[in-house]
Amino acid sequence: MKLHEHEGKRLFAECGIAVPAGKVVTSAAEAESAARDLGYPVMLKAQVLGGGRGKAGGVAQAGDDAAVQKEARRLLGSSLRDLRIEALLVERRVPARGELYISYFLDYASEQLWLLFSSSGGMEVEALPADKVLRLPVAVRRGPDLAALRSFLEKQGLTKLGRAIGQLAESLYACVRKNDLLLAEINPVLIASDGSLVAADARVEVDDNALYRHEGIAAAKASRRDKSDREARAEALGLNGFVELDGEVGILASGAGLGMASMDLLQAAGLRPANFLETGGRITADLVQGALDLVLDQPGLRGVLVNLYGGINPMVEAARGLVAAVRTRDMGIPVVVKLFGNEQEEAWGLLEAAGIPTVRGIETEEAVEKLARLLGVRS
Amino acid sequence: MSILLTSSTRAIVQGGTGRIGARQTEWMLKAGTCLVGAVTPGKGGADLHGLPVFDSVGEAVERVQANASVSFVPGPHVRAAALEAVEAGLRLIVVIAEHVPVYDTLEIREACRESGAVMIGPNTPGIISPGFGKLGIMPVNVFSPGRLGMLSRSGTLAYEVAGILQAAGMGVTTMVGVGGDPIIGTDMAEFVPWFAADPDTKGLVVVGEIGGTQEERLAAALADYDLPACAYIAGRTAPAGKRMGHAGALMSAKQGSVAQKTEILERAGIRVAASPRLLPATIREGLV
């Protein structure tokens, strides 16, 4: 889950990292009153997710009431990269004599946590020459190697700031571990006139699997409206994965691999998937009924492929859920079920008794072929 | 023979006294697995399908010489249970749970690497070696003993592939579900030396999927060994930037597509089947 700048900065501040004084506002009037309280000049920053806001015109500076009103009106209600700007962060501008870059990020390609630091801030770190950037792998039980950071700073002629940067690296690491952050990027870190360091921005992403131990962040997630209605329904049902696609055959699968293979094999047979859906390992009759209802509520469907395996999941329960969903709807389209695993004979019996086309085999391709025949598609 | 789960494995079940753990323990016993006990703090002295229940892993090591663990402990408690198992000296730790916080996985992985233990998972069906049973939740009826090693990022798709291989008269020495998370204890490439060292494993079947770089590293690892391999990669039609059920099955616009993985694998001499049904023929052409 990505956090807004102001949410990220709150986490930073809680860990002892200095951030500019600021306030979140949702109207030009609020912006003006916040600016007066903070003192001019102020920065107005659009609170939308993702980097590169400055370049996209989402950040403005204002020196008086009239400028705040004008910039706040321009930003609020407009869109930045298709994301509607609903709130602004108004901050007291911090005079800086230099800018730095620091981040921790969990890289899935190398399967490692990395500390990235550069003496040049304010631009994308990828754009910097390699010798200007320190990349340190971090062992999570030990924390960052501060000695390696110090020797890099010496080489870069930043010895005077060494103590403050080391402190920042430590505090940010504490923040990463305390809040289970997959990404914590400060770009730029401002070097204030007194030599102290201030986090001028915050790009932060939290591990969804750890939200159970971060109530405050979880509450922020619950209040977000960044999902389609059907995605929100999928989440409420407790499904492991639901992705809307633009085809005409719905998919309900009980595993990520099975779901993706179902998509691939449908496509190979000339049928386009309308969605990806994976139930996860907590199937009940109600969950399967809700999942099939969700799939069937997609517009423009011609058929549905159900692909289930019963290991940890009980197949008779699954069959009951499928039968209940089909019985309570006016079914104009075929739902083909392939199911194997525990209790398969009894499950097949329930499905066939309800008139649901059922494949008694292990190959997903058999089910795809059956559905293609029912839809009159030649593969 | 087989790898990791062998005749010398003596396993305990962590979290075996819960509803799911108890049922899976029964099925692992039926599969012929050498389970020597269970560990649930506070339930020491109880009996689980004839197995003694201990309060701690250390006690299980002392009393029944346990050297491996399969854990059904739910996500929030995985870290403590797994670290306890590593500290008690177990050599193989199988973590079944999904939704484990990634820093917990990293901590367990670091502890395992320091002590030389092997961690499988999380978010895995586990490991099965026909003839020696299974530490995990997979069905036994699709796995016959045979000459193929098998690695999979997916659970349910692995069962389908195993069933297709079985119908074609092919079996496995060991199948490992490595786990569907983006960061796991042991990735596919790291299993290659063990399979290569097993005299009974004549070839490797890989069930991969989009996202990450595991297949790429696997291709590099196989270059160092005389172990022929073939693969099926799921997610050819998945869109970029969307998580496909597994947190690890997320491809970016630049990286992790089936086309990219196929190219890298084929360049390394690993045949990639276009569908699961084509795997037996691909194996006959390439491996035997």
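Owing to the predicted nature of the structure, the values given are computational and were not obtained by experimental measurement.

**Student:** Before we go on, may I ask you to explain the overall build of chain A in this structure?
**Tutor:** Helix and strand counts for chain A stand at 12 helices and 19 strands. A globule of 379 residues ought to have a C-alpha radius of gyration of about 21 Å, yet chain A, at 27 Å, is considerably larger. In terms of overall dimensions, chain A has C-alpha extents of about 80 × 50 × 35 Å along its principal axes. Partitioning the contacts of chain A with sequence separation of at least 6, the portion at a separation of at least 24 is 67%. Computed over 45 positive and 51 negative side-chain charges, the separation of the two mean positions in chain A equals 5 Å.

**Student:** How should I be thinking about the sheet that holds strand β13 (residues 229-234) of chain B in this particular structure?
**Tutor:** Sheets are built from strands paired through backbone hydrogen bonds, the pairs being either parallel or antiparallel. All names here are of chain B. Here 7 strands make up an open sheet; going across it, the order is β9-β8-β11-β10-β12-β13-β14 and the pairing mixed. Whereas interior strands pair on both sides, the edge strands pair on one side only; in this sheet they are β9 (133-136) and β14 (271-272). Together, β10 (145-152), β11 (172-177), β12 (203-209) and β13 form the strand contacts of helix α5 (residues 156-167), whose direction differs from that of β10 by roughly 155 degrees. Here helix α6 (residues 188-197) sits on the sheet in contact with β10, β11 and β12, set at roughly 160 degrees to β10.

**Student:** It is not clear to me how the sheet that holds strand β4 (residues 51-54) of chain B should be interpreted in this structure. Could you clarify?
**Tutor:** Residue and element names in this part refer to chain B. The strand order across the open sheet built from 7 strands is β3-β4-β2-β1-β5-β6-β7, with neighbouring strands paired in mixed fashion. The open sheet has two free edges, formed respectively by β3 (47-48) and β7 (118-120), since each of these has just one partner strand. As paired elements, strand β2 (residues 35-39) and β4 share 2 bridges and run parallel to each other. Looking across to β4, one finds that V39 is bridged to F54.

**Student:** Sorry, what's going on with α5(B) here?
**Tutor:** Residue pairs three or four apart in sequence face the same way in an α-helix, which turns once every 3.6 residues. Residue and element names in this part refer to chain B. Taking 1.5 Å of rise per residue, the 12 residues of α5 would be expected to cover 16 Å, and the 17 Å separating its terminal C-alpha atoms lies within 8% of that figure. Most of α5 is tucked away, with 10 of its 12 residues classed as buried. Immediately downstream of α5, the backbone of G169 shows phi near 85 degrees, a positive value.

**Student:** Please explain the domain arrangement of chain A as it appears in this structure.
**Tutor:** Interface size is commonly expressed as the accessible surface area that is lost when the partners come together. Residues and elements named next belong to chain A. Split by domain assignment, chain A resolves into domain 1 (21-92), domain 2 (96-222) and domain 3 (229-374). Once you take the C-alpha centre of each, domain 1 and domain 2 turn out to be 25 Å apart. Residue-level contacts link 5 residues of domain 1 with 4 residues of domain 2. Across the interface of domain 1 and domain 2, roughly 280 Å² is buried in total on both sides, 28% from carbon and sulfur atoms. Seen at the junction of domain 1 and domain 2, the total is 0 salt bridges. Here the side of domain 1 that touches domain 2 is built from residues that sort into no nonpolar, 1 polar and 4 charged.

**Student:** Can you walk me through the packing of helix α8 (residues 256-268) of chain A against helix α12 (residues 364-374) of chain A in this structure?
**Tutor:** Two numbers describe a pair of packed helices, the interaxial angle and the distance between the axes. All names here are of chain A. It is at 10 Å that the axes of α8 and α12 come closest, and there the two elements cross at 45 degrees. Looking at the two axes, α8 sits oblique to α12. Considering how the two elements wind past one another, α8 and α12 form a crossing that is right-handed. Listed contacts from α12 to L258, S262, L265 and L266 of α8 are T364, E365, V368 and L371. Its residues assigned to classes, the contact of α8 with α12 comprises 5 nonpolar, 2 polar and 1 charged.

**Student:** Even after reading the chapter, I still don't get the pattern of salt bridges, so can you show me in this structure?
**Tutor:** Between side chains of opposite charge, pairing is possible as soon as their charged atoms come close. Taken as a whole and judged by the stated rule, the model has 40 salt bridges over all chains. When the shortest N-O distance is used, the salt bridge between R142(A) and E114(B) registers 3.2 Å. Highlighted residues: R142(A) in the loop between β10 (133-138) and α4 (146-155) and E114(B) in helix α4 (residues 102-115), drawn from two different chains. Here R142(A) falls in the exposed class, since its relative accessible area comes to 64%. Overall, E114(B) belongs to the partly exposed group, its relative accessible area being 48%. R233(A) is the partner of D297(A) in a salt bridge, and the nearest nitrogen-oxygen pair spans 3.0 Å. With D297(A) in the loop between α9 (285-296) and β17 (303-310) and R233(A) in helix α7 (residues 229-237), the pair connects residues that are 64 residues apart, well separated along the chain. For D297(A), a relative accessible area of 34% corresponds to the partly exposed category. Of the residues examined, R233(A) reaches a relative accessible area of 34% and is grouped as partly exposed. By sharing partners, the salt bridges in this structure join R153(B), E209(B), E215(B), E216(B) and K261(B) into a single network.

Thresholds applied
- Residues numbered from 1 in each chain as written.
- Chains lettered and ligands numbered in written order.
- Predicted model: local features only at pLDDT ≥ 70, side-chain atom pairs only at ≥ 80, totals over all residues.
- Heavy atoms only, no water.
- Helix = DSSP H or I, 4+ residues; strand = E, 2+ residues; numbered from the N terminus.
- Rg over C-alpha atoms; globule rule 2.2 N^0.38 Å.
- Contact = heavy atoms within 4.5 Å.
- Lys, Arg positive; Asp, Glu negative; His and termini not counted.
- Charge placed at Lys NZ, Arg CZ, Asp CG, Glu CD.
- Pairing = 2+ DSSP bridges.
- Axes fitted to C-alpha atoms, helices over the stretch in contact; angles between N-to-C directions.
- Expected span 1.5 Å × (residues − 1).
- Buried < 20%, exposed > 50% of the residue type's maximum accessible area, 1.4 Å probe, protein only.
- Domains from an automatic or database assignment.
- Buried area = accessible area lost by both parts, 1.4 Å probe.
- Salt bridge = Lys/Arg side-chain N within 4 Å of Asp/Glu carboxyl O.
- Nonpolar A, V, L, I, M, F, W, Y, C, P; charged D, E, K, R; others polar.
- Parallel < 35°, antiparallel > 145°, perpendicular 65-115°, else oblique.
- Left-handed = near helix turned anticlockwise from the far one by under 90°.

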